[in-house]
Amino acid sequence: MRRWAQRVTGGMVMGSVATAVVLGTWAGGCGAQEAWDCPWDPVPGFYYHPCLVTEEPVDGGDGADACGDAGPDAGDACADEDAGADFDSATVPGLDTGTPAACPGQCVPREPFGWSEPALLWIGPEDRAPDCPAAAPIVAYEGRADFTAGASRPCPACLCDPPDASCELPAAWSTYASFPCDVPGAAETPFAAPGGWDGSCTTAGAIDAEQMCDGALCAQSLEIPAPRVLPGSCAPRIAEGPEEPEEPEGAGSFATFARACTGTAFAPCADPGMTCTPAPPAGDAAPPEGFLTCIHREGERDCPATYPDRHVFHAGAEDTRGCAPCGCAEPTGGTCSVLASAFSDEACSQFVVGVVVSSEASICTGIVPGTALGSRSASVVSLDPGTCAPTGGEPTGGVALLGAATLCCRPEPIPDPVPA
């Protein structure tokens, strides 16, 4: 049962939070009231709020009897606030007019804007973490700190197979009406093979015997361009170890665990700048080995002056370590050489000249002036495809800590000095 704190007449009178407020008038002395406005009711999580009671007080007590026995002529006495009659013993169902309960936990500074309400925080090895205490049974936050990364995976050494190069035969042969080929003003006559020539005997561009060019014999020297290395590409491969690098055993581990616990709100503290929160348990669970009073906020932040002890925890870690895939750069250093032969007939049987031409430079060779050039052939003598520099194989990625949160705590209490 909740009790009236005092009798109030005519209109409304408001005292302290613990003082009852009675609303309404007493008709005809101690006649029946219309309604009562009961003391504000403490509700968990909120400040007081008004409630209206319309039931007539029961268990009259001293004050109720004095008014009830006075009869209809006692109106003035009942209406006189200073008459000394009170209703401390008169009760209304559900009405409690006592002083609001004091904070059953601890009054600590209110959290700044954007921070969580104060909670009890335990920090230590995860396998020793206690459950939330009975005064704060709700887990509000869990995080970890002091991360040690696991061993990284070994990366393989990369190599490249030789490129699938080929040697392109020179086709644009020419004759000159001079020797050597580069005499200024000497007439040039093409003796070219067809496009896509494979080196087989061909009569394309034949030059007749004694053919004249600008008053001189056309065929006095023969120029054969350098063949060209077509590099192709290189196939990468792993020099040693498994074809696929082994996965690491794990990203790593955290040495420190944090668990913040909270409960329902309590009655307010007398100081409006303070808030009532559960107190740390006594005994082994008390600070500094046990629960501290802390606030928290996502991200890495500075702590307010009222909660100066800073701790940063994380939700977990992500391991993105790996190895760059093996690859190969463009081929370099390839060379080839061909045997180029010219014949006077159309069947590549009457030999005129044959030279080995390297891809490093063209060649000019002299022939008997006026000799017929009826056919030609060519074949690859050597091919060095070159090499490709390997790429990849280096470590990539790393271990990233996720979900940072800052927890700021009240200073740990200074232990009482040990008696001498």
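Criteria and cut-off values
Residues numbered from 1 in each chain as written. Predicted model: local features only at pLDDT ≥ 70, side-chain atom pairs only at ≥ 80, totals over all residues. Heavy atoms only, no water. Helix = DSSP H or I, 4+ residues; strand = E, 2+ residues; numbered from the N terminus. Buried < 20%, exposed > 50% of the residue type's maximum accessible area, 1.4 Å probe, protein only. Contact = heavy atoms within 4.5 Å. Areas by Shrake-Rupley, 256 points an atom, 1.4 Å probe, with all protein chains shown as cover. Lys, Arg positive; Asp, Glu negative; His and termini not counted. Salt bridge = Lys/Arg side-chain N within 4 Å of Asp/Glu carboxyl O. Polar contact = N/O pair within 3.5 Å; in protein donor to acceptor, adjacent residues only side chain to side chain. Disulfide = S-S within 2.5 Å.

**Student:** Is there a simple way to explain the overall build of the protein chain in this structure?
**Tutor:** Counting secondary structure elements, the protein chain contains two helices and 31 strands. Counting over 420 residues, the protein chain shows a buried share of 35%. For the protein chain, restricting intrachain contacts to residue pairs at least 6 apart in sequence, the fraction spanning at least 24 positions comes to 79%. Of the accessible surface of the protein chain, which amounts to about 22,500 Å², a share of 53% is contributed by carbon and sulfur atoms.

**Student:** Explain the side chain of Asp 345 here, please?
**Tutor:** Among the structural elements, Asp 345 can be located in the loop between strand E24 (335–343) and strand E25 (351–358). For the buried residue Asp 345, which engages in no salt bridge, the nearest side chain bearing the opposite charge is Arg 376, 11 Å off. Looking at Asp 345, its side chain comes within polar contact range of the main-chain nitrogen of Cys 348, at 3.5 Å. If we skip the residues at most four places from it in the chain, Asp 345 touches Gln 350, Gly 374 and Ser 375.

**Student:** In this structure, what is going on with the environment of Pro 162? I would like to understand it.
**Tutor:** Within the element layout of this structure, Pro 162 appears in the loop between strand E8 (158–160) and strand E9 (166–168). For the pair Pro 162 and Cys 388, spaced 226 residues apart in the sequence, the C-alpha separation amounts to 7.0 Å. Pro 162 has contacts with Ser 233, Cys 234 and Pro 385, leaving out every residue within four places of it along the chain.

**Student:** Even after reading the chapter, I still don't get the state of the cysteines, so can you show me in this structure?
**Tutor:** One covalent bond between the sulfur atoms of two cysteine residues makes up a disulfide. In the structure shown here, the tally under the stated rule is 13 disulfides. Bridging Cys 167 to Cys 336, the disulfide has an S-S length of 2.0 Å. Between Cys 167 and Cys 336 the sulfur-sulfur dihedral comes to about 60°; the bridge is accordingly right-handed. Of the two residues, Cys 167 sits in strand E9 while Cys 336 sits in strand E24, which places them 169 residues apart along the sequence. In this structure Cys 167 comes out as buried when scored by relative accessible area, which is 15%. With relative accessibility at 1%, the residue Cys 336 sits in the buried group. Each disulfide pairs two cysteine sulfurs, and for Cys 181 the partner residue is Cys 364, the sulfurs being separated by 1.8 Å. The chirality of the disulfide connecting Cys 181 with Cys 364 is right-handed, given an S-S dihedral of about 85°. With Cys 181 in the loop between strand E10 (174–176) and strand E11 (188–190) and Cys 364 in strand E26 (residues 363–366), the pair connects residues that are 183 residues apart, well separated along the chain. On the accessibility criterion, Cys 181 (5% relative accessible area) is buried. Here Cys 364 falls in the partly exposed class, since its relative accessible area comes to 30%.

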